[in-house]
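Next come the chains, spelled out residue by residue.
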Amino acid sequence: QVQLVESGGGLVQAGKSLRLSCGASSTVFSIDTMGWYRQPPGKERQLVATITRGGSAGYADSVKGRFTISRDHAKNMVYLLMNSLKAEDTAVYYCTVRGYHLASHLPFETWGQGTQVTVSS
């Protein structure tokens, strides 16, 4: 279906910055929106940020003003620049893509394997 490869996670001190990267590829789907989920320890997965094909970005209230999502269409990449990291940002971060199947035109959404971000206070 869609191959997603995430990178950039790690252990950082609170107040520091980190950039996550995700490369997406598919021969059977058209990718319209890309974004990031995260799942903190013991909590459910939550949507962090999205960016449309046209470049319109949206953010969860908890990360507004600190995180920036960007996209490189030529490279099929999406990035999440995380500034002023807090302990509450500790989570497994998942790259997500939304689009439709090229043949059936049915919508889809999927996500990658995840990358761990740990913020020490």
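What comes next concerns the included structure. (Residues numbered from 1 in each chain as written. Predicted model: local features only at pLDDT ≥ 70, side-chain atom pairs only at ≥ 80, totals over all residues. Heavy atoms only, no water.)

1. Regarding the state of the cysteines
- What the rule picks out here adds up to 1 disulfide.
- Each sulfur of the disulfide joining Cys22 and Cys95 lies 2.1 Å from the other. The disulfide joining Cys22 to Cys95 has a torsion of about -85 degrees about its S-S bond and is therefore left-handed. Taken together, the positions of Cys22 in strand S3 (residues 18-25) and Cys95 in strand S9 (residues 91-101) put the pair 73 residues apart, joining distant regions of the chain. Neither residue differs from the other here; Cys22 and Cys95 are each classed as buried. (Disulfide = S-S within 2.5 Å. Helix = DSSP H or I, 4+ residues; strand = E, 2+ residues; numbered from the N terminus. Buried < 20%, exposed > 50% of the residue type's maximum accessible area, 1.4 Å probe, protein only.)

2. Section: the pattern of salt bridges
- Applying the stated criterion to the full structure yields 5 salt bridges.
- Between Arg53 and Asp32 there is a salt bridge, with its nearest N and O atoms 3.4 Å apart. One end of the pair, Arg53, is in the loop between strand S5 (46-52) and strand S6 (57-59); the other, Asp32, is in strand S4 (residues 29-39), with 21 residues separating them in the sequence.
- With its nearest N and O atoms 2.9 Å apart, the salt bridge here joins Arg38 to Asp89. Taken as a pair, Arg38 in strand S4 and Asp89 in the loop between strand S8 (77-82) and S9 lie far apart in primary sequence, 51 residues in all. Just as Arg38 is buried, Asp89 falls in that class too.
- Put simply, Arg38, Arg66 and Asp89 are held in one network by salt bridges that share partners. (Salt bridge = Lys/Arg side-chain N within 4 Å of Asp/Glu carboxyl O.)

3. Concerning the pairing of S4
- The element S4 is largely enclosed, with a buried count of 9 among its 11 residues.
- Bridge count between S4 and S5: 6 bridges; the pairing is antiparallel. The residue bridging Met34 from the neighbouring strand is Ile51, located in S5.
- Counting the residues that bridge the hairpin from S4 to S5 gives 6 residues, and of these Gly42 lies at a positive phi of roughly 75 degrees. (Pairing = 2+ DSSP bridges.)

None of this, on its own, says anything about what the molecule does.
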